[in-house]
Amino acid sequence: MALIVQKYGGSSVADAEKITKVARRIARTKNQGNQVVVVVSAMGDTTDELIELAYRISETPDNRELDVLLSTGEVVSSTLLAMALHHMGYPAISLSGAQAGIRTDSVYNRARILKVESRRVVKELERGNIVIVAGFQGITDEMDVTTLGRGGSDTTAVALAASLGAEVCQIYTDVEGVYDADPRLVPEARPLAEMGYEEMLELASYGANVLHPRAVELGELFNVPILVASSFTEKPGTLIHGGVSMEVREKVRGIAHNLDVAKITVIGVPDCPGIAASIFEPLARAGISVDTIVQNASIEKVTDLTFTVTTSQLSRAMEVVKPIAGSIGARDCVSDATLGTVSIIGTGMQNTPGYAARMFNALSEKGVNIQLITTSEVRITCIITEAKVKDAVRALHHAFEIEIEG
Ligand code: ADP
Ligand code: ASP
Ligand code: MG
């Protein structure tokens with residue numbers, strides 16, 4: 001008898017009929033003699049709708065209240081799924097994140113899981129129940145409800161799988177696995193059979209929202225195999241695990257894109273020690289995460305400093321940076337919210353020259369202007385105008401297609 005964690009995303013439980021279908025899939029896994037823990041997302045676009053509702057009430061909704069509000073979406077779907085299983089004659093119980101022992105820090109809207117106290121889940125499994133856990137939420141030491149950031153139900157699932165020692169964490173979604181590019185943008189994109197954690201983490205962190213990046217991090221840390229597959233078909237899906245051999249690794253494995261990118265440039269910054277810290281420390285204190293940072297070589301002891309944030313954090317970031325720019329004697333502080341990124345990713349690229357040049361050529365042939373470039377050992381990212389992202393992803397998929405394994 002194996003213990004399996006399954007997670008069903010919002011589109012998989014979007015209405016009563018789909019919930020019943022998901023219940024049948026869960027029942028099948030139970031019938032095969034497994035213990036089953038299910039993590040569920042909110043139905044369809046519920047989370048978006050709740051956020052919209054909150055912003056109709058106030059332009060600056062309180063973060064604590066917002067988290068309690070958003071957590072209700074997953075509570076609704078978990079109870080309905082338990083009811084569907086009861087209706088089919090299966091013992092099942094729904095648990096909120098708090099009841100399931102998902103303990104987090106107190107950073108509302110993007111809390112991190114500190115530990116999973118899985119006693120209650122284990123007790124319910126021992127009683128023979130299928131345990132349905134509301135994803136995306138946890139509880140602080142003060143018993144306040146938190147949420148884990150958009151897409152966070154994946155992380156709930158992998159955290160539970162790690163803590164329970166599950167054989168596998170299965171993430172069921174509306175596509176047939178992890179593709180070599182977002183299938184919504186690239187119709188020719190193909191699902192990959194398997195992937196290493198490192199490549200998957202880069203793909204997820206740079207925009208492939210088929211998996212929450214922190215779910216991949218936890219998977220790697222606790223060596224939990226993660227299967228990404230379709231809720232609607234029987235296709236095998238993509239297995240993310242640690243055993244992918246170097247030999248089968250292709251050079252470019254996937255292309256990721258992100259439309260949620262904004263840039264701030266502090267112009268004419270005096271080039272002296274402490275300046276970068278005086279800008280980035282207050283940003284960190286304000287809970288703003290900065291991604292790419294580029295500083296130009298200084299001319300006559302003056303330089304420009306550019307960095308990127310998400311578009312939703314841009315206005316807060318500008319509120320923090322503008323007064324600092326004034327106080328350090330910078331000439332100006334400007335922003336651009338209409339940016340995106342495209343990335344090529346693959347562990348096989350390390351130590352192999354020529355990839356950057358091929359990427360830049362493919363982009364220039366499509367008339368895409370590159371504003372900033374960042375790299376890791378297994379990734380090259382170009383920051384470009386948002387309007388060109390779709391063309392850029394397609395051009396890159398085409399340029400590197402021959403290397404991508406089917
Ligand atoms: P769920 O609601 O099941 O969590 P998400 O919408 O969060 O589903 O994630 C699935 C979506 O991720 C797909 O519909 C697809 O458009 C998008 N996506 C982006 N990049 C990729 C990729 N490389 N492979 C597969 N899907 C991707
Ligand atoms: N419902 C949440 C969201 O839409 C969490 C999730 O689906 O993973 O972001
Ligand atoms: Mg998701």
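Look a little higher up for the structure.
Residues numbered from 1 in each chain as written. Chains lettered and ligands numbered in written order. Predicted model: local features only at pLDDT ≥ 70, side-chain atom pairs only at ≥ 80, totals over all residues. Heavy atoms only, no water.

Novice: Mind showing me how you'd approach the sheet that holds strand 14 (residues 293–295) here?
Specialist: Backbone hydrogen bonds are what pair the strands of a sheet, in a parallel or an antiparallel way. Taken together, 6 strands build an open sheet; the order of strands is 14-15-13-16-18-17 and the sheet is antiparallel. This sheet does not close on itself; its edge strands, each paired only once, are strand 14 and strand 17 (372–376). Strand-to-strand, the axes of this sheet are offset by a mean angle of 25 degrees, without reference to chain direction. Pairing of strand 14 with strand 15 (residues 302–309) involves 3 bridges; the strand directions are antiparallel. In the sheet register, Val294 faces strand 15, and the bridge partner there is Thr306. The sheet contacts of helix 8 (residues 275–285) involve strand 13 (254–270), strand 14 and strand 15, and relative to strand 15 the element is tilted by about 20 degrees. Together, strand 13, strand 16 (332–345) and strand 18 (379–385) form the strand contacts of helix 11 (residues 389–400), whose direction differs from that of strand 16 by roughly 25 degrees. (Pairing = 2+ DSSP bridges. Helix = DSSP H or I, 4+ residues; strand = E, 2+ residues; numbered from the N terminus. Axes fitted to C-alpha atoms, helices over the stretch in contact; angles between N-to-C directions. Contact = heavy atoms within 4.5 Å.)

Novice: I'm lost on the sheet that holds strand 3 (residues 92–95) in this one. Help?
Specialist: Spatially, the 8 strands line up as an open sheet ordered 3-6-2-1-9-11-12-10, and their pairing is mixed. Edge positions in the open sheet fall to strand 3 and strand 10 (194–195), since each of these has one partner strand only. As paired elements, strand 1 (residues 3–8) and strand 2 (residues 35–40) share 6 bridges and run parallel to each other. Bridging across to strand 2, Lys7 finds its partner in Val39.

Novice: Sorry, what's going on with the packing of aromatic side chains here?
Specialist: How two aromatic rings sit relative to each other is set out by the distance from centre to centre and by the angle between their planes. In total, this model carries 3 aromatic pairs according to the counting rule given. A ring pair is formed by Tyr8 and Tyr172, whose centres lie 5.2 Å apart and whose planes are at 20 degrees; its orientation type is stacked. Residue Tyr8 is found in strand 1, and its partner Tyr172 is found in strand 9 (residues 168–173); the two are separated by 164 residues along the sequence. For the ring pair Phe280 and Phe307, a centre distance of 5.1 Å and an interplane angle of 75 degrees mean the geometry is edge-to-face. Residue Phe280 is found in helix 8, and its partner Phe307 is found in strand 15; the two are separated by 27 residues along the sequence. (Phe/Tyr/Trp six-rings, centres within 6.5 Å; stacked < 30°, edge-to-face > 60°.)

It is worth stressing that arrangement in space is one thing and function is another; only the former is reported here.
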